[in-house]
Amino acid sequence: MAVSKRSCGQEASPSKALRRDWAYGIRLFVVPLGSATASRRMIWDREIKAAGGCLADSPWSATHMLLSPEVTPVRLGTWAEKLLEARGRPAANDPVTSVRILSKSLQATWLCTDWLIACLAKQCRVLEEKFKCCLDASTETLDHEDRDCHFIADGPAVAKPQKTEGSSPALPASATASPARTEAESDDSDVEEVLPKLRVFGGEMTPKRANLLRNREKFACQRGGQDPPKTSGSSPPKSRNEKLVSMFSRLQQHYESLGDGWRERSYRLTASILRGLPFEVTSEEDLDRSELRRLGKKTRDKLKEFLNTGSIGRVDGLHMDEHAKALAELQGIWGVGLTTARRWLGSGCRTVTDVRSQVQDGTLRLSADQLIGLQFFEEFAQRIPRIEVDEIIQVVQAAVSRRFGNRLRMEACGSFRRGKASCGDVDLLLCARSAKDELALGSTHDVLSSLVADLHGQGFITHDLKGGNQSHRRPGGHVGQDVNDGEEQQSSTAATYFGVCQLARVGSLHRRIDIKVYPVLEFPFALLSFTGSGPFNRSMRLYARRAGFSLSDHSICRAAHARGNGRGERIWTGPPIAAMQFASERDIFEFLGLAYREPWQREVDASWLAETGTDKQAAKQATAATTGLAADVSSQASSPPAKAEREALGWKDEDEVQSLSD
DNA sequence: CAGTAG
DNA sequence: CGGCCTTACTG
DNA sequence: GCCG
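Quick notes on the rules
Residues numbered from 1 in each chain as written. Chains lettered and ligands numbered in written order. Predicted model: local features only at pLDDT ≥ 70, side-chain atom pairs only at ≥ 80, totals over all residues. Heavy atoms only, no water. Helix = DSSP H or I, 4+ residues; strand = E, 2+ residues; numbered from the N terminus. Contact = heavy atoms within 4.5 Å. Phe/Tyr/Trp six-rings, centres within 6.5 Å; stacked < 30°, edge-to-face > 60°. Buried < 20%, exposed > 50% of the residue type's maximum accessible area, 1.4 Å probe, protein only. Near = heavy atom within 4 Å. Polar contact = N/O pair within 3.5 Å; in protein donor to acceptor, adjacent residues only side chain to side chain. Nonpolar A, V, L, I, M, F, W, Y, C, P; charged D, E, K, R; others polar. Pairing = 2+ DSSP bridges. Axes fitted to C-alpha atoms, helices over the stretch in contact; angles between N-to-C directions.

Asker: Help me understand the environment of Leu 106 in this model?
Answerer: Relative to the assigned elements, Leu 106 resides in the loop between helix H4 (95–105) and strand E4 (109–112). A sequence separation of 47 residues divides Leu 106 from Pro 59, and the C-alpha atoms of the two residues are 7.1 Å apart. Residues in contact with Leu 106, not counting those within four places in the same chain, are Pro 59, Trp 60 and Met 65.

Asker: Even after reading the chapter, I still don't get the packing of aromatic side chains, so can you show me in this structure?
Answerer: Centre-to-centre distance and the angle between the planes together describe a pair of aromatic rings. Within the structure shown, the criterion is met by 13 aromatic pairs. Ring centres of Phe 219 and Tyr 543 lie 5.2 Å apart, and the angle between their planes is 85 degrees; on these two criteria the pair is classed as edge-to-face. Here Phe 219, found in the loop between helix H9 (207–214) and helix H10 (242–258), pairs with Tyr 543, found in helix H24 (residues 534–546); they are 324 residues apart in sequence, far enough to count as distant. For the pair Phe 219 and Tyr 543, a shared accessibility class is recorded, and that class is buried. Where Phe 536 meets Phe 589, the ring centres are 6.4 Å apart and the plane angle is 45 degrees; that geometry is what we call tilted. With Phe 536 in helix H24 and Phe 589 in helix H25 (residues 585–592), this pair connects stretches of sequence that are 53 residues apart.

Asker: Sorry, what's going on with the protein's contact with DNA strand B here?
Answerer: In the vicinity of DNA strand B lie 21 residues, with Thr 339, Thr 340, Asp 425, Lys 466 and Arg 541 positioned nearest. For DNA strand B, the backbone makes up 79% of the atoms found within 4 Å of the protein, where backbone means sugar plus phosphate. A distance of 2.9 Å separates a phosphate oxygen of DNA strand B from a polar atom in the side chain of Trp 334. The side chain of Asp 425 places a nitrogen or oxygen atom 2.5 Å from a phosphate oxygen of DNA strand B. For the surface near DNA strand B, the elements supplying multiple residues, two or more each, are helix H15 (338–346), helix H23 (523–531) and H24. For the surface near DNA strand B, a count of residues per class yields five nonpolar, ten polar and six charged.

Asker: Any chance you could explain the sheet that holds strand E6 (residues 408–412) here in plain terms?
Answerer: The mixed open sheet is built from five strands, whose spatial order is E6-E8-E11-E10-E9. The open sheet is flanked by E6 and strand E9 (461–464), the only strands paired with a single partner. When strand polarity is set aside, the average angle formed by the axes of neighbouring strands in this sheet is 30 degrees. Running over the sheet, H23 touches E6, strand E8 (426–432) and strand E11 (510–518) and is turned about 175 degrees from E8.

Asker: What exactly am I supposed to notice about the pairing of E11 here?
Answerer: Side-chain direction in a regular strand flips from residue to residue, so the side chains alternate between the two faces of the sheet. With nine of nine residues buried, E11 lies mostly within the body of the structure. Burial along E11 is two-sided: the residues His 510, Arg 512, Asp 514, Lys 516 and Tyr 518 and Arg 511, Ile 513, Ile 515 and Val 517 are all buried. Bridge count for E8 against E11 is six bridges, and the pairing is parallel. For Val 426, the partnering residue across the bridge sits in E11 and is Ile 513.

Below, the structure is given as structure tokens:
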């Protein structure tokens, strides 16, 4: 609580007071459907009161109605009917008409929940225009069950710089209480400045966060970009210290297969530091170089040993090539992890071949997924050339267009998006192009299963892995009535599919393919997450965590510790932060105060370093060293491929925001 | 509980 | 000594 | 294994 909000140089603004009670005169009613869960409503309750507004007891006394974007017309209709009935008013038979009747009887402005979220984020009254719900769009297209009627306005937040002229969106009568205030607010020039800008940490700066911000360079997700994908053959960054690198890599692999993730992490760090070293380690003095300041005592001892004897006992002594190597091979089977590998090893399975024969014997029982993983072990081990990924994308894109027209956008993520020349699997992310499309498309699960069915039908998808038929979730559409049960669940309605595909060509191999469908609001987070790389994500999430947030593939939240989540006690949750101010990956970086990194710059190899105290000297030295001395490394690191080159590689320039503005 | 995904 | 990323889902 |  002891937070000094002053620490982020606020320039004196004439409207400080205004921002504080931006909700003055608002009586809000939140429709208890969709993601407007009870817990969320409670938070909003508190916030709106803090901002000088209040809550309406019922829709009938509200000045503003707040509606969650994913609530379907029918759903809202049934809720409206109940409400009308309770008031003794006639409801129409048709849900959509009922909504219209309700909205006419009320004297409120209907807004998307994102409006409130945006207001809370900016701590000022955001223009309502873009968040209005079109409740009577039905007149045009009412005829069919399809009813493309969009309740939610299309253009979400992220209003790019705009004039504040024609604001004052006709406030409801009850707002007359404070006409002067509202007036002043709308043409206050400060709002113009604050509104379009996404504020770092939501505007809540603390000394801790400020410090973190200063040290962000120390996180891998902020390192200068890594190598652009191999373009010309000229510079294979063959490092000096090859021997050392390979030794520590062995240690890393050893502990990886053994399941000691922490040592694995540690050794990976060491190996990658050595790999990027601009000099060769030849003497113990070299150990004092700033680049190596992160190495601990044990590692230093190993280095010294190497310098003295030319080898490292610990490494030589790895009899692993019997035990650990077998473990590694078994874990290479999709669906097999450390525990299973150990179990099998204990029962006499050393190799994939052993497993196969034991399966034949009936000695070993595998899950369905493991059987598939076993069947295609060799094929899955093959990298997929970038060009083939392109073909696969085309096939899926064709199916998407055929079934959903232009309503869905598709992005290939994973290593493909990072520009790699070959990929381990294909990772596709789907999302409605706009809020309007989202409503028209229906549930993400329906979209996904219908797409998958299509791909199955044409023989492109050959096998399902887990998640293949997880239509386990609440389809959300025909639930009798949850009018009073606004609980729902924030299930976040993302749908995921894991499977196997194969191009219809002669020698084509079976490939792993993942397809995910995410809600529009979560798309930037999903895109960021599934683009990776893994270490990059971990680094960025660690940073977010240090700043007091929790970053995931769905959203970013304040990290409040909540316990007693049943089994896992360590669940961190918190009030969702600004669900809506994020329309692109850039916004997430911006929110965290991080410099944006293009997908091809997220190939984190330089480890993820947590913060150090305040070792400015060392930091500067390191920076100088890597930018100056390590010319051969950093030169190619920080230069993006030319535009033409990017196009040749199939990169798209970022167009995310554009697609949302319809 | 173990395993999957980036 | 405890953290080291995240979270939901499946068998 | 390293860090605070």
